[in-house]
Each structure stands twice: as structure tokens, then as C-alpha cells.
Amino acid sequence: MYRKTVKLFLKIPSVVGAYGILFILCNIFLLRLVGTFVSSREMATATPAFFLTDIGAACFLFFSFFLFIGYEFTRRVRDSEMEEALLSVKRGGAVYLMMWLVLMSAAAFITINIGAYLMAAYYMLDMPRIYLGEILKVLLINVFAVSAGAAGLGGWPSRGFGSGFRPMRCYCF
């Protein structure tokens, strides 16, 4: 069932496109950030704390994209009637678990990608050993937890409100 859910994830152009854009923007940002800090290292202006702070600034990007990806993916699963078919069988509630696992896999993939850049920067900038713990915190909290939370938050309206958000109408007298 996980494979079917992954195939559905990959068949949705808006989800794959948003994830691809996030991946490309993330890599461009990290390449430029690592390059900037490595080139300015000789001038003694770059410290590891500033580097990790700049990574934390990208959290809004992760939150925004995963909010959209979570919403769009769960909405499409609901629209594809896969949810109704799976809920009709005895263990059909596992569809929500599979959707969650696919979204967590996507968040984990981005986290591993960022982790590779952070470890490269760790060795290139000769960071003190104490920053390994900080790098792990940045990865788990600022990247993975924010992405996973946004994916879950984005998926909630499409499950709870039918076809998704309905715009509020404001009547002025």
C-alpha cells in the first residue's frame, strides 16, 4: 500500500512540481551559503553560529512548501476515491498512515539533503565539535519538525472539511 501511495504522490504534477522547486531552491540556497561562508572564512567574519542561523532562516520556505504539499496531496487522495475504497475494507484506516509516511519520507529526504550540506560545511569551516549537536538540533527541529508539522497541518483541512478550505464570505452592510 505504501508503494501505491508513493505512486499517487508522484502522479500529482502540482505536488511533484512544488517538491522539485523546493529541492532546487534549497540546493541553490545552500550552495551559495556554504560558498559565501567558506570564502569569507579567511576574513574571520564567518562564525558557525551565523551559518546555522542562516539555515534557520530558510524554515519559512520549508513550512510554506510543505503546507501546500500536504494539503494538495491529501486533497488529491480524497478526490481520487482511493480513500473511500481503502476505508471500505477492514484495515482501510491505514491509508492515513500511508499518506503520513509518504509525507514524512519527503520531509526526511529534504532533511538528509540539508544534512549533507551541513556536514560538508562543518568540515570545510573547521567548526568546533560542539556544533555537531547544534547541527543535529537544526536538522531535527528547524528542518524536519517544521516540514513534518506543516505537511500534517496542510493535510488536516482536506480531510476535515471535505474538499478543502472554503473561502469565508464577508458581507458588509
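Coordinates for the structure precede this section.
Rules and cut-offs
Residues numbered from 1 in each chain as written. Predicted model: local features only at pLDDT ≥ 70, side-chain atom pairs only at ≥ 80, totals over all residues. Heavy atoms only, no water. Helix = DSSP H or I, 4+ residues; strand = E, 2+ residues; numbered from the N terminus. Contact = heavy atoms within 4.5 Å. Areas by Shrake-Rupley, 256 points an atom, 1.4 Å probe, with all protein chains shown as cover. Patch = residues over 30% accessible without salt bridge, like charges linked within 9 Å, V, L, I, M, F, W, Y side chains within 5 Å. Salt bridge = Lys/Arg side-chain N within 4 Å of Asp/Glu carboxyl O. Lys, Arg positive; Asp, Glu negative; His and termini not counted. Charge placed at Lys NZ, Arg CZ, Asp CG, Glu CD. Buried < 20%, exposed > 50% of the residue type's maximum accessible area, 1.4 Å probe, protein only. Phe/Tyr/Trp six-rings, centres within 6.5 Å; stacked < 30°, edge-to-face > 60°.

> Would you mind going over the overall build of the chain in detail, with residue names and values included?
Helices and strands together make up the secondary structure of the chain, namely seven helices and zero strands. Ordered by position from the N terminus, the helices and strands of the chain form the series α-α-α-α-α-α-α. Within the chain, counting contacts between residues at least 6 apart in sequence, those at least 24 apart form 80% of the total. For the chain, the accessible surface area stands at approximately 10300 Å², while carbon and sulfur atoms represent 69% of it.

> Got a sec to walk through a positive patch on the surface? Specific residues and values, please.
On the surface, Arg3, Lys4, Lys7 and Lys11 cluster together into a positively charged patch. Following the sequence through the fold, Lys7 ends up in helix α1 (residues 2-11).

> If you had to explain the pattern of salt bridges to someone new, which residues and values would you point to?
Side chains that carry opposite charge are capable of pairing whenever their charged atoms lie near each other. A complete count under the given rule lists three salt bridges for this structure. Between Arg75 and Glu72 there is a salt bridge, with the nearest N and O atoms lying 2.6 Å from each other. Taken together, the residues span about one helical turn, with Arg75 and Glu72 both in helix α4 (residues 59-79) at a distance of three residues. Of the charged contacts, one joins Glu72 and Arg76 as a salt bridge, the two residues approaching to 3.2 Å between their closest N and O atoms. Of this pair, Glu72 and Arg76 are both found in helix α4, four residues apart, which corresponds to roughly one turn of the helix. The partly exposed category is assigned to Arg76, whose relative accessible area is 29%.

> Can you tell me about the packing of aromatic side chains, naming the residues and giving the values?
If you walk through the whole model with that rule in mind, you get five aromatic pairs. Ring geometry for Phe9 versus Phe73: centroids 5.2 Å apart, planes at 75°, classification edge-to-face. Here Phe73 lies in helix α4 and Phe9 lies in helix α1, a separation of 64 residues in the sequence. Taking the relative accessible area as the measure of exposure, Phe73 reaches 0% and is therefore buried. Ring centres of Phe23 and Phe109 lie 5.6 Å apart, and the angle between their planes is 20°; on these two criteria the pair is classed as stacked. Taken together, the residues span a long stretch of sequence, with Phe23 in helix α2 (residues 13-39) and Phe109 in helix α6 (residues 94-124) at a distance of 86 residues.

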